[in-house]
Amino acid sequence: MFGYISINQAEMKFKDYDIYHSYYCGLCRVLKKNYGRCGQMTLSYDMTFLIILLTGLYEPDTKTETATCAAHPLKKHTVRTNELTDYAAAVNLILSYYKCKDDWEDEHKKKSYAAAKLLAPKIAAVKERYPEKIQAVSSNLKKLSALEKQNGLNADMIAGIFGDILAELFVFRQDEWEDSLRKIGFFLGKFIFLMDAYEDVEKDIKTGNYNPFKQAFLEDADFSENCRKLLTMMMAECSRTFERLPILLHADILRNILYSGVWCRYTAVTEKRMQEKEKK
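If you're wondering where the values come from, they're calculated on a predicted model, not measured in any experiment.

Engineer: What should I look at first to understand the pairing of strand β2 (residues 77-81) in this one?
Structural biologist: Residues in a regular strand point their side chains to alternate faces of the sheet. Summarising burial for β2: four of the five residues are buried, a large majority. Bridging between strand β1 (residues 63-67) and β2 involves five bridges; their strand directions are antiparallel. Looking across to β2, one finds that Thr-66 is bridged to Thr-78.

Here it is, written out as structure tokens:
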């Protein structure tokens, strides 16, 4: 849905990439199976991270098979699925539905309205299974929308609300790992919100949409570097908590994402801005 929590493929071993991709394909398959083609269209690299994180922690029975699909009709590829794939698919659908609903209410995007209408019947089924997750997303997005309408510029505080959303969604069950998973989700959520604001700040200035970085972008000569420091603080807390978990399975893949993959978009956006400045 957001695309910020992905791998750095250039820094990943071939075998690790194949494993990562097999979980991604598994998520795609489960989204289609559980929620149809409209559910499949919400496929997200971010939720692939959640599957691998929870799989590494809980080590559930995982089904491994080979299959073809519409995207790769002539070549079989490995697909991995387990109970956490089902959970991540539900989370993916929740986030996608409420993001589309929020975009329609705040910006009146017609595509978002149409997507929300398509996903609404599927959300009803998810609500029966995960009512507390739906409540957490819905209530926190309302808080976020209200603060954005006040045009508050406290980026850290507002990002914390989105952090609360992912904190709840990263908790698969109430056990000894709940607090750690909640903390990882919280700081990852803050990172996603701030990274999204960093990437969209120029567009939001033009359209008049809310963005906590508007003033800093226009007035701060060290805007990119200061944002990098803020984002680094979020990932430092997230990674520190991750390293305390007893995860051995797929640990290299998870470290690739947390220490390298999450920075790919920041690097691309920053370099593009530098090139545009040079041209001017």
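Engineer: I keep staring at the side chain of Glu-178 and nothing clicks. Help me out?
Structural biologist: When you line up the elements, Glu-178 lands in helix α7 (residues 178-207). There is a polar contact of 2.8 Å between the side chain of Glu-178 and the side chain of Arg-182.

Engineer: Explain the pattern of salt bridges here, please?
Structural biologist: In a structure, side chains of opposite charge can pair up when their charged atoms sit close to one another. Using the criterion set out here, one finds 15 salt bridges in the structure. Ionic pairing is found between Glu-65 and Lys-63, a salt bridge with its closest N-O pair at 4.0 Å. For Arg-265, the salt bridge is made with Glu-199, and the minimal N-O distance between the two is 2.9 Å. Note that Arg-265 is positioned in helix α11 (residues 264-279) and Glu-199 in helix α7, a separation of 66 residues in sequence. Given the relative accessible area of 25%, Glu-199 is considered partly exposed. Salt bridges linked by common partners bring Lys-133, Glu-168, Glu-178 and Arg-182 together as one network.

Engineer: Please clarify how the nonpolar core should be interpreted in this entry.
Structural biologist: One recurring pattern in soluble globular proteins: nonpolar side chains tend to sit buried together. Counting 84 residues, the largest nonpolar core has Ile-5, Phe-49, Leu-53, Phe-191 and Phe-213 as its most contacted members. Setting aside residues up to four positions removed in sequence, Phe-49 forms contacts with Ile-5, Phe-170, Leu-188, Leu-254, Ile-257 and Leu-258.

Engineer: In this structure, what is going on with the packing of aromatic side chains? I would like to understand it.
Structural biologist: Remark: the centre distance and the inter-plane angle together describe each pair of aromatic rings, the angle taken between the planes. In the structure shown here, the tally under the stated rule is 14 aromatic pairs. On the basis of an interplanar angle of 10 degrees and a centroid distance of 6.3 Å, the ring pair of Tyr-20 and Tyr-45 is categorised as stacked. Taken together, the positions of Tyr-20 in helix α1 (residues 14-40) and Tyr-45 in helix α2 (residues 45-58) put the pair 25 residues apart, joining distant regions of the chain. Note on Tyr-20: relative accessible area 2%, which makes it buried. Here Tyr-45 falls in the partly exposed class, since its relative accessible area comes to 37%. Centre to centre, the rings of Phe-49 and Phe-170 are 6.3 Å apart; their planes meet at 40 degrees, and the pair counts as tilted. Of the two residues, Phe-49 sits in helix α2 while Phe-170 sits in the loop between α6 (155-169) and α7, which places them 121 residues apart along the sequence. Of the aromatic side chains, those joined through ring pairs into one cluster are Phe-191, Tyr-198, Phe-213, Phe-217, Phe-223, Trp-263 and Tyr-266. The positively charged end of Arg-173 is found above the aromatic ring belonging to Tyr-58, 4.6 Å away from the centroid.

The rules behind these values
Residues numbered from 1 in each chain as written. Predicted model: local features only at pLDDT ≥ 70, side-chain atom pairs only at ≥ 80, totals over all residues. Heavy atoms only, no water. Buried < 20%, exposed > 50% of the residue type's maximum accessible area, 1.4 Å probe, protein only. Helix = DSSP H or I, 4+ residues; strand = E, 2+ residues; numbered from the N terminus. Pairing = 2+ DSSP bridges. Polar contact = N/O pair within 3.5 Å; in protein donor to acceptor, adjacent residues only side chain to side chain. Salt bridge = Lys/Arg side-chain N within 4 Å of Asp/Glu carboxyl O. Core = buried A, V, L, I, M, F, W, Y, C linked by side-chain atoms within 4.5 Å. Contact = heavy atoms within 4.5 Å. Phe/Tyr/Trp six-rings, centres within 6.5 Å; stacked < 30°, edge-to-face > 60°. Lys NZ or Arg CZ within 6 Å of the ring centre and 35° of its normal.

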